[in-house]
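Residue-level structure breakdown
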Amino acid sequence: MVDVPQLVEQARQGRPRAVARLISLVEGAAPELREVMAALAPLTGNAYVVGLTGSPGVGKSTTTSALVTAYRRTGKRVGVLAVDPSSPFSGGALLGDRVRMSEHASDPGVYIRSMATRGHLGGLAWAAPQAIRVLDGAGCDVILVETVGVGQSEVEIASQADTSVVLLAPGMGDGIQAAKAGILEIGDVYVVNKADRDGADATARELNHMLGLGESRAPGDWRPPIVKTVAARSEGVDEVVEALEKHRAWMEEHGVLAERRRARAAHEVETIAVTALRERIGDLSGDRRLEALAERIVAGETDPYRAADELVEGVTNGG
């Protein structure tokens, strides 16, 4: 038996085991999930959620770790969700970020959790929105969400974060890749990491040019800055934090932050509702109604769309 109110209270006190237990309940879609979310609801809405994405090898984990250090210097509690690829066969994940961020392991003001994507397109584990809510409710001031590589599917980070950071590195053909992947639309802050390498200035120029090509900004609109860093030596990291804080202030001033959070909540509700509906329809796999509709399609008496409408209507009406 899980004592949800006690777990939530312990999480508020910053006890890592309580936070871990709550996220495990979320990941496992436990029966207590609804009670957990209800208990957390009045405690959330305070954390600043920053998403980090970029191709493998650009230094996402190193940058995330450096950002944790920078935020901890200012006394902020930091939560990190590192979303790892999971094997389609075993369901296991590399979960290497826990190892890479081990320097923060003994800090009670930092909570790091790796989550497997479980094959979910978009790079974010399907439970990530609820896990973000747990960290928010547990009193984290900043939540850093680091996703699997970048590509069309990883653009989902933009729907989960208040601010999206896109990382690139010189010599990886990232400029062209950025344009192809559609991530030029999602970045609020761009970071050219490993800036001590040849080609860093060229990468920044190319990126600046591409951002200019895609611009249709009105006066007063946010223009994404490009920050050069060497995260392994913590160079440029304070400038990234400064860019993040400027973006947050701009969003608050223009009502964009509240708008993004409403859109995020709407998306979350939609996902939960669609999942519930899919589960109810999934239960019909041996149902006589489904078989009867299939027979009518084969006989040419109806078409798949009309049959699907009938099925959905029957399920939603509880029939």
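What you see is a predicted model; the values in this text were computed from it and never measured.

This brings us to the packing of helix α12 (residues 288-298) against helix α13 (residues 304-316). Where α12 contacts α13, the two axes come as close as 10 Å, and the packing angle between them is 165°. Overall, the two elements α12 and α13 adopt an arrangement that is roughly antiparallel. At the point where α12 passes α13, the crossing takes the right-handed sense. The residues of α13 that touch α12, namely those facing Arg289, Leu290, Leu293, Arg296 and Ile297, are Pro304, Ala307, Glu310, Leu311 and Gly314. For the contact of α12 with α13, the per-class residue count stands at 6 nonpolar, 1 polar and 3 charged.

This part is about the packing of helix α1 (residues 4-12) against helix α3 (residues 33-40). In the contact formed by α1 and α3, the axes pass within 10 Å of each other and the chain directions differ by 45°. Taken together, the axes of α1 and α3 are oblique relative to one another. Here the hand of the crossing between α1 and α3 comes out right-handed. Across the interface between the two elements, Val4, Pro5 and Val8 from α1 touch Glu35, Val36, Ala39 and Leu40 from α3.

Our focus in this paragraph is the pattern of salt bridges. Side chains carrying opposite charge are able to pair once their charged atoms draw close together. Following the criterion strictly, the structure yields 16 salt bridges and no others. A salt bridge links Arg264 to Asp162; the shortest N-O distance between them is 2.9 Å. One end of the pair, Arg264, is in helix α11 (residues 256-282); the other, Asp162, is in the loop between α7 (157-160) and β5 (163-168), with 102 residues separating them in the sequence. Between Lys246 and Glu242 there is a salt bridge, with its nearest N and O atoms 3.4 Å apart. Separated by 4 residues within a single helix, Lys246 and Glu242 lie in helix α10 (residues 237-254), roughly one turn from each other. In the salt-bridge network here, residues are joined through shared partners; they are Asp162, Arg261 and Arg264.

In terms of residue burial, β5 counts as a mostly covered element, since 6 of its 6 residues are buried. The two faces of β5 match: Thr163, Val165 and Leu167 on one face and Ser164, Val166 and Leu168 on the other face are all buried. Judged from the 4 bridges that link them, β5 and strand β6 (residues 189-192) form a sheet pairing that is parallel. The residue of β6 that forms the bridge with Leu168 is Val192.

Moving on to the packing of aromatic side chains. Using the criterion set out here, one finds 1 aromatic pair in the structure. Here the aromatic rings of Trp222 and Trp250 are separated by 6.0 Å at their centres, their planes lie at 45°, and the arrangement is tilted. Of this pair, Trp222 sits in the loop between α9 (200-213) and β7 (226-228) while Trp250 sits in helix α10, placing them 28 residues apart in sequence. Taking relative accessible area as the criterion, Trp250 reaches 18% and is therefore assigned buried.

Looking now at unusual backbone geometry. Trans is the prevailing form of peptide bonds, just as negative phi is the prevailing case for residues other than glycine. In this model, Ala29 sits at a positive phi of 45°, which is unusual for a non-glycine residue. When its relative accessible area of 45% is taken as the criterion, Ala29 is described as partly exposed. Even without a glycine there, the phi angle at Lys194 is positive, about 55°. Along the polypeptide, Lys194 turns up in the loop between β6 and α9.

Here helix α6 (residues 128-137) lies mainly inside the structure; 9 of its 10 residues are buried. Within the sequence span of α6, burial applies to Ala128, Pro129, Gln130, Ala131, Ile132, Val134, Leu135, Asp136 and Gly137.

All right, on to the environment of Ala127 then. By secondary structure assignment, the location of Ala127 is in the loop between β3 (110-116) and α6. Note: C-alpha distance between Ala127 and Glu27 (100 residues apart in sequence) is 5.6 Å.

Considering every residue of the protein chain, the mean pLDDT works out to 83; 81% of them sit at 70 or more. Mean pLDDT across the secondary structure elements of the protein chain bottoms out at helix α5 (residues 97-100), with 51, and peaks at α10, with 97. Throughout residues 119-123 the model reports pLDDT below 50, and contacts reaching past four residues in sequence, or to other chains, amount to 16 contacts.

About the criteria used
- Residues numbered from 1 in each chain as written.
- Predicted model: local features only at pLDDT ≥ 70, side-chain atom pairs only at ≥ 80, totals over all residues.
- Heavy atoms only, no water.
- Axes fitted to C-alpha atoms, helices over the stretch in contact; angles between N-to-C directions.
- Helix = DSSP H or I, 4+ residues; strand = E, 2+ residues; numbered from the N terminus.
- Parallel < 35°, antiparallel > 145°, perpendicular 65-115°, else oblique.
- Left-handed = near helix turned anticlockwise from the far one by under 90°.
- Contact = heavy atoms within 4.5 Å.
- Nonpolar A, V, L, I, M, F, W, Y, C, P; charged D, E, K, R; others polar.
- Salt bridge = Lys/Arg side-chain N within 4 Å of Asp/Glu carboxyl O.
- Buried < 20%, exposed > 50% of the residue type's maximum accessible area, 1.4 Å probe, protein only.
- Pairing = 2+ DSSP bridges.
- Phe/Tyr/Trp six-rings, centres within 6.5 Å; stacked < 30°, edge-to-face > 60°.
- pLDDT = per-residue confidence, 0-100.

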